[in-house]
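What follows is the residue order along each chain.
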Amino acid sequence: MGRLAPRPLLLALLGLALCRGRVVRVPTGSLVRVVGTELVIPCNVSDYDGPSEQNFDWSFSSSGSNFVELASTWEAGFAAQLYRERLQRGEIVLRRTANDAVELHIKNVQTSDEGHYKCSTPSTDATVQGNYEDTVQVKVLADALHVAAAPPPASGLSLRLGEPFELRCAASTASPLHTHLALLWELQRGAARRSVLALTHEGRFRPGPGYEQRYRAGDVRLDTVGGDGYRLSVARALASDQGSYRCVVSEWIGEQGSWQEIQEKAVEVATVLIQPTVLRATVARSVSVAEGKELDLTCNITTDRADDVRPEVTWYFSRSPDSILPGSPVLARLDRDSLVHSSPHVALSHADTRSYHLLVRDVSKENSGYYFCHVALWAPGHNRSWHKVAEARSAPASVDVTWLEPDYQVYLNASKVPEFSDDLTELECRIVDVKSSEASVRFTVSWYYRVNRRSDDVVASELLAVMNGDWTLKYGDRSKQRAQDGDFIFSKEHTDTFSFRIQRTTEEDRGNYYCVVSAWTRQRNDSWVKSKDVFSKPVTIFWASEDSVLVVKARQPKPFFAAGNTFEMTCKVSSKNIKSPRYSVLITAEKPVGDLSSPNETKYIISLDQDSVVKLENWTDASRVDGVVLEKVQEDEFRYRMYQTQVSDAGLYRCMVTAWSPVRGSLWREAATSLSNPIEIDFQTAGPVFNASVHSDTPSVIRGDLIKLFCIITVEGAALDPVLNAFKYPLLIGVGLSTVIGLLSCLIGYCSSHWCCKKEVQETRRERRRLMSMEMD
């Protein structure tokens, strides 16, 4: 096998990363192994801060000199030809445990493996700091350990609980060195093994987990018999002692204050079978007793044990036949020392060792249920200890305490049935035909809900609320939050009437409802016990769920008008499947289609809510604050008016109506919203339209102050220049004709005055004199 790279070059690269000296360590002293076992030699480097993984070389010498290459973590071809085959077979393996540590494993050690093993790490340091190699000596001994079962393993050892048993194992060694033996008894049950009791190589006894108490009590012991015998003694067999036992022996050698385990052997000794003790407890299966009388039950015991065992008898009571004993109340108990533990109303006695009586005085309805008899057999152990060898429980004895229970019927009525969502629902659960009711009986109610389905599928009922015998009310998961919010109200109207109200019924509340009335009886300790339940017939709460319909129609009484007139629009509302609706109205405006003078966005003008409160929305014309009016004509009709309309008011006007349904009196719920058809304001103009407004920066002045008023004129419609171009030639023609006609009129007047001048002078003078006289007057 070729080398990966020249060794001097690799060592030089490695030395570049080393900054201080190192110390190579292997185990001190010598290692001792037995032929056929595995040899493991650890080696590590201290004070190492070089590359990520340190290189290790192993060499071997049988005499301590002339070492032969054995294995290397760096070079695959480092080993001598003598060891390459064992390396290839995996008998010699180097296992790295850390960057600065490695282990040499030699499997199936032979006598030829005895010698000196050197662990070294190459270095190219300029100065030697520490040591770069260490050597350990290995001694290989012949196998001289003998382990055997005494007597030889049998087919099995069958015992009963509480009986004693012994197991023996023989172990010896002929090693030339001074070695010590350690012995361990192991118990195997299935795949699990557990330590029972061990004798260490230092002569100390060590009990396994779970055997400490039994070891200290002397119930489990380990003794030596003769020169090579080891005996495991168990005074009282338990059920946990069943399994296969084996004897594990290890050989140890001590050198320089430390111990080495050189080999280990094990032998199967025996299989122990624990036969269960036969034990049965029987009680009468069914007993009926009248209220106020005594209840007498007998527990009979049957067992195959005739030795010194003591019974422990305990009576339990439960409401159900399958209850677990640790959770059931204890009525009375007779311990293994024959001491009775009971109460004033309960007594426990026994006529013989196989019959035990339970006596309950002055029984009541609360004593009805199931009674169990539990029996345990105890066997004595060392140092006055006791071990349970068997236990049994009787079948439940059903006890029925008869009494005159109340007789009554339950009737459920829906006094208020919803027709829409958010309506009130009220159910009344009444107790009728009450018979044999005593003062010691009280009635409570439980309310249930079940989904109403048309199919035959079984639907589980959901508990809404339950009232206990002490009048405490507990809510179910479905109703807890809504009851806390006041939406579900459970009450007791009279001694025989219970009510359930849903303030705001939703669609999820539709279904079947029924009530259960329970009768409770007072006991001797003033507690209350439920004695009877009576179910009512279910009541169905349902209404057809249809979509809300809201229709709004707008019309214009006066379709033709001009700028400056009043615009009027009425909106008629109709609705279906909406409970007691009230309407809110919002007037919106949009620019007509094709008008590019401003963005085509919806403008909110004025609104009127369901309580008839009017509010201006986005109406920003300060000069016409009172120019828009929205009023209710009827419950389903509204009228909108806009006074002194301007050209800028042109557009599409609609009524946005929202229907509201009453919720919990003064609250409202939005049911539906609809938009009316549009009503258009359209001003027909052939030319530009001028809008004039007056503005002043000074809203208020004092008499005598100077004020500036601005007249703002805006043009809408067609552009001014195209209009002037259209009228330019007609105007010129008109001006020309007017000038010609004027000149002609002047000429005619002049000629007329010239021809008639003389004739009119005299007359004029006479008139003048007359006028003067008149003026004088």
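The shown structure was predicted, so the numbers you read here are calculated from the model rather than taken from an experiment. (Residues numbered from 1 in each chain as written. Predicted model: local features only at pLDDT ≥ 70, side-chain atom pairs only at ≥ 80, totals over all residues. Heavy atoms only, no water.)

Thoughts on the overall build of the protein chain
Applied cut-off: Strands here are runs of E lasting at least two residues and helices are runs of H or I lasting at least four, both read from the DSSP assignment and numbered beginning at the N terminus. In this scheme, a residue with accessible area under 20% of its type's maximum is buried, one over 50% is exposed, and one in between is partly exposed, where area comes from a 1.4 Å probe on protein chains only. The contact criterion used throughout is that any non-hydrogen atoms of two residues lie within 4.5 Å.
Along the backbone of the protein chain there are six helices and 53 strands. For the protein chain, buried positions account for 38% of its 777 residues. For the protein chain, the proportion of contacts with a sequence separation of at least 24, taken over those separated by at least 6, is 60%.

Details of the confidence of the model for the protein chain
Note the threshold: On a scale of 0 to 100, pLDDT captures the predictor's confidence in every residue.
Mean pLDDT over the protein chain stands at 82; residues scoring 70 or higher make up 85%. Strand 38 (residues 497–502) holds the highest mean pLDDT among the elements of the protein chain, 94, whereas helix 1 (residues 7–16) holds the lowest, 39. Predicted confidence is poor over residues 1–20, with pLDDT under 50, and the contacts of this stretch with residues over four places away or in other chains come to 31 contacts.

Some points on the packing of aromatic side chains
Defined as follows: Note on aromatic pairs: the rings of Phe, Tyr and Trp (six-membered ring only in Trp) are paired at centre separations within 6.5 Å, and the planes decide the class, stacked below 30 degrees, edge-to-face beyond 60, tilted for the rest. Lysine NZ or arginine CZ positioned within 6 Å of the ring centre and within 35 degrees of the ring normal marks a charge as sitting over the ring.
Applying the stated criterion across every chain yields a total of 17 aromatic pairs. Considering the side-chain rings of Y448 and Y514, the 5.2 Å spacing of their centres and the 10° angle between planes classify their relative orientation as stacked. You can see Y448 sitting in strand 34 (residues 441–450) and its partner Y514 sitting in strand 39 (residues 511–522), a full 66 residues away along the chain. A residue is classified by how much of its surface remains accessible, and Y514, at 9% relative accessible area, is buried. It is R336 that lies over the ring of W378; its NZ or CZ is 4.6 Å from the centre. The ring of Y408 has K532 lying over it, and the distance from NZ or CZ to the ring centre is 5.4 Å.

Concerning the state of the cysteines
As used here, a disulfide is simply a covalent bond connecting the sulfur atoms of two cysteines. Under the convention used in this document: The disulfide criterion is simple: two cysteine sulfur atoms within 2.5 Å.
Going through the model one piece at a time under the given rule, you end up with five disulfides. Paired through a disulfide, C299 and C373 show a sulfur-sulfur distance of 2.0 Å. Here C299 and C373 share a disulfide; its torsion about the S-S bond, -80°, makes the bridge left-handed. In this pair, C299 is assigned in strand 23 (residues 295–303) and C373 in strand 29 (residues 369–380), connecting sequence segments 74 residues apart. C373 sits in the buried class, given a relative accessible area of 0%. Two residues share a disulfide in this structure: C571 and C655, whose sulfurs sit 1.7 Å from each other.

Description of the sheet that holds strand 17 (residues 220–225)
Rules: When DSSP locates at least two bridges between a pair of strands, those strands are taken to pair. Here an angle of 0 to 180 degrees is reported between the N-to-C directions of two axes, which are lines fitted to C-alpha atoms, with helices fitted over the stretch in contact.
With antiparallel pairing, the four strands of this open sheet are ordered in space as 11-13-18-17. Each edge of the open sheet is held by one strand with a lone partner, namely strand 11 (145–149) and strand 17. Averaged over all pairs of adjacent strands, the angle between strand axes in this sheet comes to 20°, irrespective of strand direction. Pairing analysis gives five bridges linking strand 11 to strand 13 (residues 165–173), with the strands arranged antiparallel. Considered in strand 13, the bridge of A148 is made with A170.

Focus: the environment of A270
Inspection of the secondary structure puts A270 in strand 20 (residues 258–275). When its relative accessible area of 15% is taken as the criterion, A270 is described as buried. In the structure, A270 is positioned 25 residues away from Y245 in sequence and 5.5 Å away in space, judged by C-alpha atoms. Dropping the residues within four chain positions of it, A270 is found in contact with L167, G243, S244 and Y245.

Some remarks on the nonpolar core
Heads up, the condition is: What is meant by a nonpolar core is a set of buried Ala, Val, Leu, Ile, Met, Phe, Trp, Tyr and Cys residues, joined one to another through side-chain atoms within 4.5 Å.
Counting 62 residues, the largest nonpolar core has W185, V196, L295, W315 and Y371 as its most contacted members. Among the nonpolar cores identified, the runner-up in size contains 30 residues, and C571, I578, M642 and I681 belong to it.

So, unusual backbone geometry
Positioned with a positive phi, D433 is a non-glycine residue whose angle comes to about 55°. Secondary-structure assignment places D433 in strand 33 (residues 425–435). A positive phi angle, near 50°, is found at Q644, a position not held by glycine. The topology assignment puts Q644 in the loop between strand 48 (637–642) and strand 49 (651–663).

Description of the sheet that holds strand 14 (residues 179–189)
Here we have six strands laid out as an open sheet, ordered 12-20-19-14-15-16, and mixed in their pairing. Two strands close off the open sheet at either side, each with one partner strand: strand 12 (157–160) and strand 16 (205–207). Within the sheet, the average angular offset between the axes of one strand and its neighbour, ignoring direction, is 35°. With seven bridges connecting them, strand 14 and strand 15 (residues 192–199) associate as antiparallel partners. Opposite E186, over in strand 15, you have S195 as the bridge partner.

What to know about the pairing of strand 35 (residues 462–467)
Successive residues of a regular strand alternate their side chains across the two faces of the sheet. Bridging between strand 34 and strand 35 involves four bridges; their strand directions are antiparallel. By the bridge assignment, Y448 is partnered in strand 35 with L463. Strand direction decides the pairing type here: strand 35 and strand 36 (residues 473–475), joined by three bridges, are antiparallel. From the neighbouring strand, M467 faces strand 36, where its bridge partner is L473. In textbook terms, the turn of a hairpin is the stretch between consecutive antiparallel strands, and for strand 35 and strand 36 this stretch comprises five residues, one of which, W471, has a positive phi near 70°.

Comments concerning the pairing of strand 33
As defined by bridge partners, strand 32 (residues 407–416) adjoins strand 33 across eight bridges and the pair is classed as antiparallel. Within strand 33, the position partnered with D407 by the bridge is K435. Alignment of strand 33 against strand 38, held across six bridges, turns out to be antiparallel. What sits directly across from E426, in strand 38, is R501.

Considering the environment of A554
Relative to the assigned elements, A554 resides in strand 42 (residues 549–555). Counting along the chain gives 122 residues from A554 to S676, while the straight-line C-alpha distance between them is 5.9 Å. Residue contacts for A554: discarding those within four places in its chain leaves M569, T570, C571, S676, N677 and I679.

Some remarks on the pattern of salt bridges
Quick reminder of the rule: What makes a salt bridge here is a side-chain nitrogen of Lys or Arg within 4 Å of a carboxyl oxygen of Asp or Glu, nothing more.
Scanning all chains against the criterion turns up 31 salt bridges. For D223, the salt bridge identified is with R231, shortest N-O distance 3.6 Å. The salt bridge involving K388 is made with E391; its shortest N-O contact spans 3.6 Å. Since its relative accessible area comes to 39%, K388 is described here as partly exposed. Shared partners join several salt bridges into a network, and the residues in it are E85, R86, R89, E91 and D113.

Some points on the side chain of R246
The criterion, for reference: In protein, a polar contact means a hydrogen-donor-capable atom and an acceptor-capable atom, both N or O and within 3.5 Å, with residues adjacent in sequence counting only if both atoms are side-chain atoms; elsewhere, any N or O pair within 3.5 Å suffices.
Here R246 is to be found in strand 19 (residues 243–255). Overall, R246 belongs to the buried group, its relative accessible area being 17%. Here the side chain of R246 touches E186 through a polar contact of 2.9 Å, side chain to side chain. Those residues in contact with R246 that sit more than four places away from it in its chain are L184, W185, E186, R193, A266, V267, E268 and V269.

Thoughts on a nonpolar patch on the surface
Here is the rule: Only residues whose relative accessible area exceeds 30% and that form no salt bridge enter a patch; like-charged residues are grouped when within 9 Å of one another, and nonpolar side chains (Val, Leu, Ile, Met, Phe, Trp, Tyr) when within 5 Å. Computed with a 1.4 Å probe, the accessible areas rest on the Shrake-Rupley method; for each residue, only the protein chains presented here act as cover.
Where nonpolar side chains cluster on the molecular surface, the patch consists of V701, I707 and L709 and spans about 270 Å² of accessible area. With respect to the helices and strands, V701 occurs in the loop between strand 52 (689–695) and strand 53 (710–716). When its relative accessible area of 46% is taken as the criterion, V701 is described as partly exposed.

Description of the environment of V517
Topologically, V517 is positioned in strand 39. Separated by 19 residues in the primary sequence, V517 and S536 have C-alpha atoms spaced 8.2 Å apart. Not counting chain neighbours up to four residues away, the residues in contact with V517 comprise Y408, V410, C429, I431, F443, T444, V445, K532, D533 and V534.

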